[in-house]
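Structure assessment
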Amino acid sequence: MNDVPEPQLKPLISGNEERTSQHGRGPNGLTSKLVIASAIVVACLGGALWHQSTSLSNGSGPETAVSPSAAGGGQAEPQIRADATHLGVQLALISASQAPSALAKTDFSQEQKTQILAAIKNRRVRLVRMPIAQVAGLPGQVLTITSGGMTQSLRLKPSLQAVVLPIYIAGEVTVTPATPPPTGGLQAGVLTALGPLILPVLATLNQQVVLDVIVQ
């Protein structure tokens with residue numbers, strides 16, 4: 001992940017437009033007020049995600065079940081779209097000794113659980129936990145989350161739900177809408193090892209977000 005900040009782009013303005021723009025950027029201008037309001041909203045969302053994660057770290061599971069569907073049990077991942085948005089994330093590792101109890105709280109089939117545990121034993125797979133919550137859009141939206149050749153459907157809530165993911169060497173997790181996003185789009189937030197991460201707005205069914213996972 002490239003941490004080099006993008007250069008600031010300066011709009012081409014002149015004359016009255018320049019004076020208007022400068023006035024908008026003043027201490028009492030509309031732009032300054034919008035920037036301050038946006039910063040407060042982002043801070044509140046981040047704080048809410050972090051606060052809600054406390055119950056998950058104390059052992060309580062998600063409020064709604066995650067329903068996985070079999071994908072053949074192999075390592076095949078869905079086709080990555082050329083226009084997919086890629087984000088690097090660090091997720092907390094579930095140790096091999098804790099893997100059976102973590103999988104027991106999921107809706108993976110018994111066959112899938114056996115496959116995952118065998119892959120963990122052979123060090124082909126690592127198990128991670130990804131807390132995720134809805135931060136914008138109408139409630140009740142469903143996401144399709146695919147990792148390690150297995151797909152899970154999750155109905156989002158404003159509160160965090162911990163999704164257990166098998167991660168192969170590639171470490172790619174794809175996130176796509178399973179229900180048509182509402183007007184204005186759907187947005188979710190993930191609690192990573194480095195803090196809250198707000199995902200891009202999903203506005204259509206054919207959008208795709210790819211999380212390039214680093215296991216922490």
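Residues numbered from 1 in each chain as written. Predicted model: local features only at pLDDT ≥ 70, side-chain atom pairs only at ≥ 80, totals over all residues. Heavy atoms only, no water.

Some remarks on the overall build of the chain
The following threshold applies: By definition, any uninterrupted DSSP run of H or I lasting at least four residues is a helix, any uninterrupted run of E lasting at least two residues is a strand, and each is numbered from the N terminus. Each residue's exposure class comes from its accessible area (1.4 Å probe, protein chains only) as a fraction of the maximum for that residue type: buried when under 20%, exposed when over 50%, partly exposed otherwise. Residue contacts are defined here by distance: any two heavy atoms, one from each residue, within 4.5 Å place the two residues in contact. Reported accessibility uses the Shrake-Rupley method at a 1.4 Å probe radius. Residues are deemed covered only where the shown protein chains occlude them.
Within the chain, the secondary structure is distributed over four helices and 10 strands. For the chain, the succession of helices and strands along the chain, N to C, is α-α-β-β-α-α-β-β-β-β-β-β-β-β. Expressed as a percentage of the 216 residues in the chain, the buried residues total 38%. Expressed as a percentage of contacts within the chain between residues at least 6 apart in sequence, the contacts between residues at least 24 apart total 75%. Total accessible area on the chain is roughly 12,500 Å²; 57% of this is exposed by carbon and sulfur atoms.

Considerations on the pairing of strand β3 (residues 126-136)
Selection rule: Two strands qualify as a pair provided that DSSP identifies no fewer than 2 bridges between them.
Pairing analysis gives three bridges linking strand β2 (residues 85-94) to β3, with the strands arranged antiparallel. From the neighbouring strand, I94 faces β3, where its bridge partner is L127. Where β3 lies against strand β6 (residues 161-167), seven bridges are found, and the strand directions are antiparallel. The residue bridging R126 from the neighbouring strand is I167, located in β6.

Some details on the environment of L103
Relative to the assigned elements, L103 resides in helix α3 (residues 99-104). In this structure L103 touches F108, K113, I116, L117, L127 and V164, once residues within four positions along its chain are discounted.

Points about helix α4 (residues 110-121)
Using the following cut-off: Take the number of residues in a helix, subtract one, and multiply by 1.5 Å to get its expected span. By arc we mean the arc of the directions from the helix axis to the C-beta atoms, nothing more.
Between its terminal C-alpha atoms α4 stretches 16 Å, which fits the 16 Å expected from 12 residues at 1.5 Å a residue. Inspection of α4 places Q112, K113, I116, A119 and I120 among the buried residues, and these make up the whole buried set. Projected down its long axis, α4 shows its buried positions confined to an angular sector of 130 degrees, all on one face. Counted as exposed and oriented over 90 degrees from the buried face of α4: Q110, E111 and K121. Of the residues one or two after α4, R123 is the one with positive phi, at around 60 degrees.

Concerning the confidence of the model for the chain
What counts here: As a per-residue quantity, pLDDT reports the predictor's confidence and falls between 0 and 100.
Counting all residues, the mean pLDDT for the chain is 74, and 63% of those residues have values of 70 or more. Throughout residues 1-55 the model reports pLDDT below 50, and contacts reaching past four residues in sequence, or to other chains, amount to 30 contacts. Within the model, pLDDT remains below 50 along residues 70-76, and this stretch shows 15 contacts once partners closer than five positions in the same chain are excluded.

Topic: the side chain of Q208
By secondary structure assignment, the location of Q208 is in the loop between β9 (195-198) and β10 (209-215). Apart from the residues lying within four places of it in its own chain, the contact partners of Q208 are Q79, I80, R81, A84, T85, T174, V175 and T176.

Observations concerning the pairing of β2
When β2 meets β10, the two strands line up parallel, connected through seven bridges. Residue H86 lies in a different strand from β10, and its bridge partner there is V210.

Overview of the nonpolar core
As a rule of thumb, nonpolar side chains are buried together in soluble globular proteins. Here is the rule: We define the nonpolar core as a collection of buried residues of types Ala, Val, Leu, Ile, Met, Phe, Trp, Tyr and Cys that are connected through side-chain atoms lying within 4.5 Å of one another.
M130, I132, L143, I145, L165, L211 and V213 are the most contacted members of the largest nonpolar core, which totals 23 residues. If you list the elements that add at least two residues to this core, you get β2, β3, β4 (142-147), β6, β7 (172-177), β8 (187-192) and β10. Top element by residues in this core is β10. It accounts for four residues. Discounting residues that sit within four places of it in the chain, I145 has contacts with M130, M150, T151, Q152, L154, V163, L165, V173 and T174. One finds I94, L103, F108 and I120 within the second-largest nonpolar core, a separate group that totals 13 residues.

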